[in-house]
Protein chains: 2
Amino acid sequence: MTQDPLQNLIRLLSKLPGLGPRSGRRIALHLLERKEEALSPLSAAFQDVAVKVKSCETCGNLDAISPCQICASPSRDVTQICVVEAVSDLWALERTGVFFGKYHVLGGTLSAMDGRGPEDLRLKGLFARVHSGVQEVIMALNATVEGQATAHYITERLSDFPEVHITTLARGVPIGGELDYLDDGTLMTALQSRRTV
Amino acid sequence: MTQDPLQNLIRLLSKLPGLGPRSGRRIALHLLERKEEALSPLSAAFQDVAVKVKSCETCGNLDAISPCQICASPSRDVTQICVVEAVSDLWALERTGVFFGKYHVLGGTLSAMDGRGPEDLRLKGLFARVHSGVQEVIMALNATVEGQATAHYITERLSDFPEVHITTLARGVPIGGELDYLDDGTLMTALQSRRTV
Ligand SMILES: [Zn+2]
Ligand SMILES: [Zn+2]
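Everything numeric here is computed off the predicted structure, so don't read it as measured data.

Peer 1: Where do I start with helix 6 (residues 123-130) of chain A in this structure?
Peer 2: The periodicity of an α-helix, 3.6 residues per turn, causes residues three or four positions apart to be oriented the same way. Residues and elements named next belong to chain A. Listing the buried residues of helix 6 in full gives Leu-123, Leu-126, Phe-127, Arg-129 and Val-130. For helix 6, the arc enclosing every buried residue in end-on projection is 160°, short of the 170-degree limit, so these residues lie on one face. Close packing links the buried residues of helix 6 with helix 4 (69-72), strand 3 (77-84), strand 4 (101-105), strand 5 (136-139) and helix 7 (145-158).

Peer 1: Hey, could you run me through the domain arrangement of chain A in this one?
Peer 2: Interface size is often expressed as the accessible area that is lost when the parts come together. Taken domain by domain, chain A consists of domain 1 (5-52) and domain 2 (62-196). For domain 1 of chain A versus domain 2 of chain A, the separation of C-alpha centres amounts to 33 Å.

Peer 1: Help me out: how do you make sense of the coordination of the zinc ion (ligand 2) in this one?
Peer 2: Put simply, the ideal angle at a metal is 109.5 degrees for four donors in tetrahedral geometry and 90 or 180 degrees for six donors in octahedral geometry. All names here are of chain B. Summarising the metal site, the zinc ion (ligand 2) is bound by the protein donors Cys-56 (SG), Cys-59 (SG), Cys-68 (SG) and Cys-71 (SG), whose distances to it range over 2.3 Å. Here the zinc ion (ligand 2) is ringed by four donor atoms whose angles at the metal span 104 to 117°, and the overall shape comes out tetrahedral. Counting gaps between the donor residues of the zinc ion (ligand 2) yields the pattern C-x2-C-x8-C-x2-C. Given the relative accessible area of 2%, Cys-56 is considered buried. A relative accessible area of 1% places Cys-59 in the buried class.

Peer 1: Mind showing me how you'd approach the interface of chain B and chain A here?
Peer 2: Counting residues at the interface gives 48 residues for chain B and 50 residues for chain A. Applying the counting rule to chain B against chain A returns zero salt bridges. Counting across the interface, chain B meets chain A through four residue pairs in polar contact (both at pLDDT 80 or more). For the side of chain B that touches chain A, the secondary structure elements donating two or more residues are helix 1 (4-14), helix 2 (21-32), helix 3 (35-52), strand 2 (62-63), helix 4 (69-72) and helix 5 (87-96) of chain B. Among the elements that take part in the side of chain B that touches chain A, helix 3 of chain B stands out by supplying twelve residues, more than any other. Of the residues in the side of chain B that touches chain A, the class split is 28 nonpolar, ten polar and ten charged.

Peer 1: Looking at this structure, I do not really get the coordination of the zinc ion (ligand 1). What am I missing?
Peer 2: All names here are of chain A. Binding of the zinc ion (ligand 1) to the protein goes through Cys-56 (SG), Cys-59 (SG), Cys-68 (SG) and Cys-71 (SG), at separations of 2.3 Å. Each of the four donor atoms around the zinc ion (ligand 1) contributes to a set of angles spanning 104 to 118°, which defines the coordination as tetrahedral. Going along the chain, you hit the donors of the zinc ion (ligand 1) in the pattern C-x2-C-x8-C-x2-C. Taken together, the residues span a long stretch of sequence, with Cys-59 in the loop between strand 1 (54-55) and strand 2 (62-63) and Cys-71 in helix 4 at a distance of twelve residues. Here Cys-59 and Cys-71 have matching classes, each one buried.

Peer 1: Even after reading the chapter, I still don't get the confidence of the model for chain A, so can you show me in this structure?
Peer 2: In low-pLDDT segments, the atomic positions of the prediction should not be examined closely. All names here are of chain A. Of the residues in chain A, 96% reach a pLDDT of 70 or more, and the chain-wide mean stands at 90. Taken element by element, the predicted model of chain A shows its lowest mean pLDDT in strand 7 (residues 195-196) (70) and its highest in strand 4 (97). Here the complex is predicted with pTM 0.81, and the ipTM for its interfaces comes to 0.82.

Peer 1: Hey, could you run me through the UniProt feature "zinc finger region: C4-type" (unreviewed entry) in chain A in this one?
Peer 2: The positions UniProt marks with the feature "zinc finger region: C4-type" (unreviewed entry) are residues 56-71 of chain A. Along residues 56-71 of chain A, the helical share is 19% and the strand share 12%, with 8 Å between the first and last C-alpha atoms.

Peer 1: How do you make sense of the nonpolar core when you look at a structure like this?
Peer 2: Soluble globular proteins: nonpolar side chains tend toward being buried together. In this structure, Leu-42 and Phe-46 of chain A together with Leu-42 and Phe-46 of chain B are the most contacted members of the largest nonpolar core, which totals 80 residues. With residues up to four places along the chain from it excluded, the contact list for Phe-46 of chain B reads Leu-9, Leu-13, Leu-31, Leu-39, Leu-42, Ser-43 and Phe-46 of chain A. Ranked by size, the runner-up nonpolar core spans 19 residues in total, among them Leu-106, Val-130, Val-134 and Leu-141 of chain A.

Peer 1: What should I look at first to understand the sheet that holds strand 6 (residues 165-168) of chain B in this one?
Peer 2: Paired through backbone hydrogen bonds, the strands of a sheet run either parallel or antiparallel to each other. Residues and elements named next belong to chain B. Taken in spatial order, the four strands make up an open sheet running 4-3-5-6, and their pairing is parallel. Whereas interior strands pair on both sides, the edge strands pair on one side only; in this sheet they are strand 4 (101-105) and strand 6. On average, each strand axis in the sheet is inclined to that of its neighbour by 25°, with strand direction left out of account. Note that strand 3 (residues 77-84) and strand 5 (residues 136-139) share four bridges and pair parallel. Looking at the pairing, Ile-81 lines up with Val-137 of strand 5. Its contacts with the sheet place helix 5 against strand 3 and strand 4, and it is angled at close to 160° to strand 4.

Peer 1: Even after reading the chapter, I still don't get the pattern of salt bridges, so can you show me in this structure?
Peer 2: Opposite charge on two side chains makes pairing possible when the charged atoms of those side chains draw close. All names here are of chain B. Across all of its chains, the model carries ten salt bridges over all chains by this definition. A salt bridge links Arg-76 to Glu-94, with the shortest nitrogen-to-oxygen separation between them at 2.9 Å. Of this pair, Arg-76 sits in the loop between helix 4 and strand 3 while Glu-94 is found in helix 5, placing the two residues 18 residues apart along the sequence. Just as Arg-76 is buried, Glu-94 falls in that class too.

Peer 1: Is there a simple way to think about the environment of Arg-26 of chain A in this case?
Peer 2: For Arg-26 of chain A, the position within the fold is in helix 2 (residues 21-32). With 125 residues separating them along the chain, Arg-26 of chain A and Ala-151 of chain A place their C-alpha atoms 41 Å apart. Once residues within four sequence positions are removed from consideration, Arg-26 of chain A is found in contact with Pro-17 and Gly-18 of chain B.

Peer 1: When you look at the packing of aromatic side chains in this model, what are you seeing that I'm missing?
Peer 2: Centre-to-centre distance and the angle between the planes together describe a pair of aromatic rings. Applying the stated criterion across every chain yields a total of three aromatic pairs over all chains. Centroid distance Phe-46 of chain A to Phe-46 of chain B: 5.0 Å. Interplanar angle 15°. Geometry classified as stacked. Residue Phe-46 of chain A is located in helix 3 (residues 35-52), and its partner Phe-46 of chain B is located in helix 3; the two belong to separate chains. The exposure class of Phe-46 of chain B is buried, given its relative accessible area of 1%. When the ring of Phe-99 of chain B is compared with that of Tyr-103 of chain B, the centres are 5.2 Å apart and the planes differ by 65°; the resulting orientation is edge-to-face.

Rules used throughout
- Numbering of residues starts from 1 in every chain and runs along the sequence as written.
- To read the labels, note that chains go from A and ligands from 1, taken in the order they are written.
- Residue-level local features of this predicted model are given only where pLDDT is at least 70; pairs of side-chain atoms are given and counted only at 80 or more, and the full residue set underlies all totals for whole chains, interfaces and linings.
- Each side-chain value is derived from all of the structure's non-hydrogen atoms; neither hydrogens nor water enter the calculation.
- Type-normalised accessible area, obtained with a 1.4 Å probe on protein chains alone, sets the label of each residue: buried when under 20%, exposed when over 50%, and partly exposed for intermediate values.
- Secondary structure elements follow DSSP: runs of H or I no shorter than four residues count as helices, runs of E no shorter than two count as strands, and numbering proceeds from the N terminus.
- Taking the helix axis as origin, the arc is that swept by the directions to the C-beta atoms.
- The contact rule is simple, with two residues in contact once any of their heavy atoms fall within 4.5 Å.
- For every domain, the bounds stem from an assignment made automatically or drawn from a database.
- Metal donors were taken as nitrogen, oxygen and sulfur atoms no farther than 2.8 Å from the ion, or 3.2 Å where the ion is Na, K or Ca. Water is excluded, so coordination may look unfinished.
- Only two sets of limits are used to name each site, 85 to 135 degrees for every angle of a tetrahedral four-donor site, and over 155 degrees for opposite donors with all other angles from 65 to 115 for a square planar four-donor or octahedral six-donor site, with any other site named irregular.
- Think of a salt bridge as a Lys or Arg side-chain nitrogen and an Asp or Glu carboxyl oxygen that are within 4 Å of each other.
- Polar contacts here mean pairs of N or O atoms no more than 3.5 Å apart (in protein, one a potential hydrogen donor and the other a potential acceptor; neighbouring residues in sequence count only if both atoms are side-chain atoms).
- In the scheme used here, Gly and all other residues not listed as nonpolar or charged are polar, with Ala, Val, Leu, Ile, Met, Phe, Trp, Tyr, Cys and Pro taken as nonpolar and Asp, Glu, Lys and Arg as charged.
- Confidence of the prediction at every residue is given by pLDDT, a number between 0 and 100.
- UniProt positions are given in the numbering used here, feature names are shortened, and annotations may be inferred rather than shown by experiment.
- Residues belong to a common nonpolar core when they are buried Ala, Val, Leu, Ile, Met, Phe, Trp, Tyr or Cys residues joined through side-chain atoms within 4.5 Å.
- Two strands form a pair only when DSSP identifies at least two bridges running between them.
- As a rule, the C-alpha atoms of each element are fitted with a line to give its axis, helices using only the stretch in contact, and angles between N-to-C directions run from 0 to 180 degrees.
- A pair of Phe, Tyr and Trp rings is counted when the ring centres sit within 6.5 Å of each other, with Trp represented by its six-membered ring. The angle between the planes then sorts it: under 30 degrees is stacked, over 60 is edge-to-face, the rest tilted.

Dropping the structure here:
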C-alpha cells in the first residue's frame, strides 16, 4: 500500500495534465499488471524521446531532427510563416492539412502578470527569419487576452517590414478558445478565411 | 510531426485507461516541454517500479516487498481474509480505513465467455490460506454477473471448511445515492434487505 516506488509513480502520474489521484492509480495498476505489454514499451518510449526529441533550432517544433521535418522540407512554402504559441497548436494546424508554409513556435505569450517579456519568447529567431524572403506572417495565436496582446506586439515590430503581409486567423475561433481544444473543422475554416490585420 | 519516437510515445500514452489521442498528445507535449521536471522523474519512476514492484506471493497485492506490507504486518488480523478481484479493489478498501484483516487478490473473475477458469485465478493460494486459522472470508467481489458467479464458486469450495464464516459486502443504496438514478436491481435489493432504524 504505502511502498515508495509505486506511490511515487502514482504521485507523478497524478500530476500529468488531465489526470488526478484516481486516474493516476488506475494507470499505475494497469501498467504494473502488464509489465511486458505496457510498462516496458512505455518506459522505453520515455527514454527514447528524452534522448532523441529536441526543439527545432529554427522554428521551435519538437522533432527527432533539427531543423525539424517541416523546416527541412523543400516542398513547404518558405514565404509563409505561421506563428503559434505552442507545439500543440502547430500540431493542431497540421491536422487540418490545409497549410503548406512554415511555422514559428513562440513558446508562450507575453504576460505582465507572469513576468514574461519578449526575451522569454522565441522572438529574435522570428524576426531574423522574416528578413529572408517571407511574404506572409500568419498570427495563429490563441484568442485570449495574452495571445492577442502578443500578436499585437509582433505586428508592431513587423511594421518595419512593409513588404510582409500580416494576417490573422478568421473569426470563428471562439473568444477565450484555445486552439488545441478546437475541432479540426473550425480550425480549418478559420485558417482558410484568414484576414489581413 | 510524424517522427517516430514522439509518435510512438503518443500512441502508447493514448492506449492507457481513460486516455485517448488528444490526452496522449497533451501529456507527451507536457513531458517534452518539461524534460527535467516531468519527463525524467517519471521515466525513472517507471524503471523503478519495473524492477522493484512485484505481486505478493501470498495475497497478490503489488508491493516492493513480498510478502507485502499487509501480509507481513503483525498488527493485522490473520483470522479475516477479504477476497477481491483486483489490486485496485484492495486499495479502495484500504482507503476506507475500517478493515484490519488480510486480503487475497484473485486477479480477475471466472468467465466462460473469456475462457477464464479457476486455474487462471489466484485460487489455490486462497484455499491453502484458509486452512490455517482463518475464521472469516469476506467476499468483496464486484456486483457483476461474473463477480457474483466467482463468489458463488468460492463459497461452494469453502463449504469444506464449516468453521469458516463466509460473508459478503452489504448491498444497498450508496451514500449520497439518489433513488431515481439507481438501477432497479440495486433498489429492489435495498428494499428487500431493509433494516429497522
Ligand atoms: Zn522547425
Ligand atoms: Zn500480501
